[in-house]
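Structural features, examined
Residue-level listing of the chains:
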Amino acid sequence: MDNNSFRKWGHELVDWMADYFDQVENLPVKSPVKPGSIFKQIPDTPPKQSEDFENIIEDFKNIIIPGMTHWQSPGFMAYFTANNSYPSVLAEMLTATIGAQCMIWDTSPAATELEEMMMEWLKKIMHLPSEWHGVIQDTASTATLVAILSAREKYSDFNINNNGFKTYDNFRIYCSSETHSSIDKAVRISGVGSTNLVKIPTDAHLAILPDALEASILEDIQNNQKPICVIATIGTTGTTAMDPLEPIALLCKKYDIWLHVDGAYAGNVGILPECQDFFKGLHLADSYVFNPHKWLFVNFDCSAYFVKDKMHLIKTFNANPEYLKTNAENVHHYKDWGIQLGRRFRALKLWFVMRSFGVEKMQEKIREHIEWGKWLEIQITQNDQFELMAKRSINLVCFRYNPGKYSNLELNILNKKLMDTINASGQLYLSHTKIKEAFVIRMAPGQTYQEKHHIEAAWKLIIEISNTL
Ligand SMILES: Cc1ncc(COP(=O)(O)O)c(C=O)c1O
């Protein structure tokens, strides 16, 4: 491809992208293809000679698009959203075009300094402590691993980095039984080990019980174990339960334990002044992550990770081989703020989105999504065929169809059938969780270009399909 055809195809594909956004709600939200059907359509060896770009795009439209689940469809209400938006997509086009590796200041000063300022902006709009330092990580999973590795190094005096675990075989990490699976992975990768991850029981609303946490910490200390990290969650994945940060933070202070807060999804409501109660005590944390790539209209990947002590982070991760040595001083070299060396220019999309929307528009949208969650909650509680299965804290509703005459086991089968039928309709995509052996349907409105009528139509469809079961 030469520059002229790049220009021609660039224009055509931008038209395709605008049409896609325009028409995505007419596509089946969840891809209906059968396993293996896409693989079968792709040649098992690459072409020896250049292919016409027209053919490549035709295959993209005919083979790939039918095998895509449309996360940007207003009918997507499964899992948690992974929003994008027009300005974010445009920023990604520029990021890909410039194709910079933003690992040290010198390899793109603007990328480093814009990232530094975007983290300052996020701190301000999310009401975070001004003395914290922020860095963009690829995902919340990586950010939590970074937090655990930092805690591991803090409490081994950086000895594990230098000498391996050796005498440090007594570290313990705590989280609730509702935390995200990324914590299970992180304890394995960090070498602390799954058996040293203590899952603390939760209250009726699935939030961690601080008294049970303290009891576990004390028991471990009595048994010569060393508590190094507690992970609290703002908005658990199953039900968006909110762990009570303040009492947890005070326990961490009392026993000198690293507190990491995972606000991957729900952390985004920090932009709303009226939601600040969820964050009471957050300022006492050692590290915090939330994902603009979930609910702040910035497309994947973009996780905002904040730390109280940046030197601690840098001491854990810095590596300075000859080929990366630089004269630039008093600047950030983000390669030392996490695991990867190569880094994408992710701050650009944050900048475009925050400027293009403006804080008030972002607040308005998130507020609206929460209102739709409330509206759904009312529909569920007012309908005697349905029941709300968990406390709604923000926009996620967890419910099941319960016409009253079935056992729990039968209800599980019925609700799985309801969800599968809804998803097969192509109009709506929902996902599920389990609460105390009950199959529970999760519905989280919040896609960027969704409107209230999409939520009303979704609820109507749920009722219609439940009537056919
Ligand atoms: C509470 C929580 N933590 C972590 C994650 C993982 O996020 P990521 O995909 O950015 O690693 C999720 C994903 O939904 C989540 O809900």
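Secondary structure summary: the protein chain contains 16 helices and 11 strands in total. For 469 residues, the compact-globule estimate of 2.2 N^0.38 gives 23 Å, and the protein chain sits close to it at 24 Å. Per-residue burial for the protein chain yields a buried fraction of 42% across its 469 residues.

Let's shift gears to the sheet that holds strand E7 (residues 303-307). Within the open sheet, the seven strands sit side by side as E1-E7-E6-E5-E4-E2-E3. Their pairing is mixed. The strands lining the two open edges of the sheet, one partner per strand, are strand E1 (133-137) and strand E3 (197-200). If you compare each strand with its neighbour and ignore which way they point, the axes differ by 20 degrees on average. Along the sheet, helix H5 (residues 109-125) makes contact with E1 and E7, crossing E1 at roughly 110 degrees.

What follows covers helix H6 (residues 140-154). The first and last C-alpha atoms of H6 sit 21 Å apart over 15 residues, in line with the 21 Å expected at 1.5 Å per residue. Summarising burial for H6: 13 of the 15 residues are buried, a large majority.

Between helix H14 (residues 359-382) and helix H16 (residues 452-467), the shortest axis-to-axis distance is 11 Å and the interhelical angle comes to 25 degrees. On the basis of the axis angle, H14 is roughly parallel to H16. Here H14 runs over H16; the crossing is right-handed. Taken together, the residues of H16 that come into contact with H14 (itself represented by Trp 372, Trp 375, Leu 376 and Gln 379) are Lys 452, Ile 455 and Trp 459.

It is common to give the size of an interface as the accessible area lost on bringing the parts into contact. Partitioning the protein chain into structural domains gives domain 1 (3-68), domain 2 (93-357) and domain 3 (359-467). The centre of domain 2, based on its C-alpha atoms, is set 30 Å off from the matching centre of domain 3. Across the boundary between the two partners, domain 2 contributes 17 residues, which contact 16 residues of domain 3. Per-class residue counts for the side of domain 2 that touches domain 3 are 11 nonpolar, six polar and no charged.

Take the site of the ligand next. Taken together, the neighbourhood of the ligand is formed by 14 residues, with Thr 139, Ala 140, Ser 141, His 180 and Ala 264 sitting nearest. For the shell around the ligand, the class distribution of residues is four nonpolar, nine polar and one charged.

Turning to the sheet that holds strand E9 (residues 397-401), a few remarks are in order. Spatial ordering of the open sheet is given by E8-E9-E11-E10, a layout of four strands whose pairing is antiparallel. Each edge of the open sheet carries a strand with a single partner, namely strand E8 (386-388) and strand E10 (431-435). When strand polarity is set aside, the average angle formed by the axes of neighbouring strands in this sheet is 40 degrees. Here H14 sits on the sheet and contacts E8, E9 and strand E11 (438-443); the angle it forms with E9, its principal contact strand, is near 25 degrees. The strands that helix H15 (residues 408-424) touches are E9, E10 and E11; relative to E11, the one it contacts most, it runs at about 30 degrees.

Before going further, it helps to spend a moment on the packing of helix H4 (residues 86-98) against helix H13 (residues 347-357). Following both chains from N to C, one finds H4 and H13 inclined at 150 degrees, their axes separated by 8 Å at the closest point. Overall, the two elements H4 and H13 adopt an arrangement that is roughly antiparallel. Two packed elements cross with a definite hand, and for H4 against H13 that hand is right-handed. Contact with H4, carried on its side by Pro 87, Ser 88, Leu 90, Ala 91, Glu 92, Leu 94 and Thr 95, involves Leu 348, Lys 349, Phe 352, Val 353 and Ser 356 of H13 and no other residues of that element.

This paragraph deals with the pairing of E10. As defined by bridge partners, E10 adjoins E11 across five bridges and the pair is classed as antiparallel. Bridging from a neighbouring strand, Lys 434 pairs with Phe 439 of E11. A loop of two residues connects E10 with E11, the two strands running antiparallel in sequence, and Lys 436 in this loop sits at a positive phi of about 45 degrees.

Another point: the nonpolar core. Counting residues in each nonpolar core, the largest one holds 119 residues, and the members touching the most others are Ile 148, Val 230 and Leu 259. The dominant element in this core, judged by the number of residues it contributes, is H6, at eight residues. Three or more residues apiece are contributed to this core by two domains, here domain 2 (93-357) and domain 3 (359-467). The residues contacting Ile 148, other than those within four sequence positions of it, are Ile 173, Ala 186, Val 187, Ser 190, Val 192 and Cys 229.

What follows concerns the environment of Thr 144. Counting through the fold element by element, Thr 144 comes out in helix H6. Residue classification places Thr 144 among the buried positions, given that 30 C-beta atoms sit within 10 Å. Here the alpha-carbon distance between Thr 144 and Ala 458, two residues 314 residues apart in the chain, equals 34 Å. Discounting chain neighbours no more than four positions away, the residues touching Thr 144 are Ser 182, Ile 183, Ala 186, Ile 231, His 260, Asp 262 and Val 289.

We now examine unusual backbone geometry. One can expect most non-glycine residues to show negative phi and most peptide bonds to be in trans. Residue Phe 300 is joined to Asp 301 through a cis peptide bond whose omega torsion reads 5 degrees. Note on placement: Asp 301 falls in the loop between helix H11 (292-295) and E7. In this structure, Lys 436 takes a positive phi of about 45 degrees despite not being glycine.

For the rest of this paragraph, the subject is the pairing of E9. A large share of E9 lies buried, amounting to five of its five residues. Covered by surrounding structure in E9 are Val 397, Phe 399 and Tyr 401 together with Cys 398 and Arg 400, the residues of both alternating faces. Relative to E9, E8 runs antiparallel, the two sharing three bridges. Its bridge partner being in E9, Leu 388 is matched across the sheet by Phe 399. In this sheet, E11 lies alongside E9 in antiparallel orientation, the contact comprising three bridges. When the sheet's bridge partners are listed, Phe 399 is paired in E11 with Ile 441.

Analysis parameters
Residues numbered from 1 in each chain as written. Predicted model: local features only at pLDDT ≥ 70, side-chain atom pairs only at ≥ 80, totals over all residues. Helix = DSSP H or I, 4+ residues; strand = E, 2+ residues; numbered from the N terminus. Rg over C-alpha atoms; globule rule 2.2 N^0.38 Å. Buried ≥ 20, exposed ≤ 12 C-beta atoms within 10 Å, placed from the backbone. Pairing = 2+ DSSP bridges. Axes fitted to C-alpha atoms, helices over the stretch in contact; angles between N-to-C directions. Contact = placed C-beta atoms within 7 Å. Expected span 1.5 Å × (residues − 1). Parallel < 35°, antiparallel > 145°, perpendicular 65-115°, else oblique. Left-handed = near helix turned anticlockwise from the far one by under 90°. Domains from an automatic or database assignment. Nonpolar A, V, L, I, M, F, W, Y, C, P; charged D, E, K, R; others polar. Near = placed C-beta within 6 Å. Core = buried A, V, L, I, M, F, W, Y, C linked by C-beta atoms within 7 Å.

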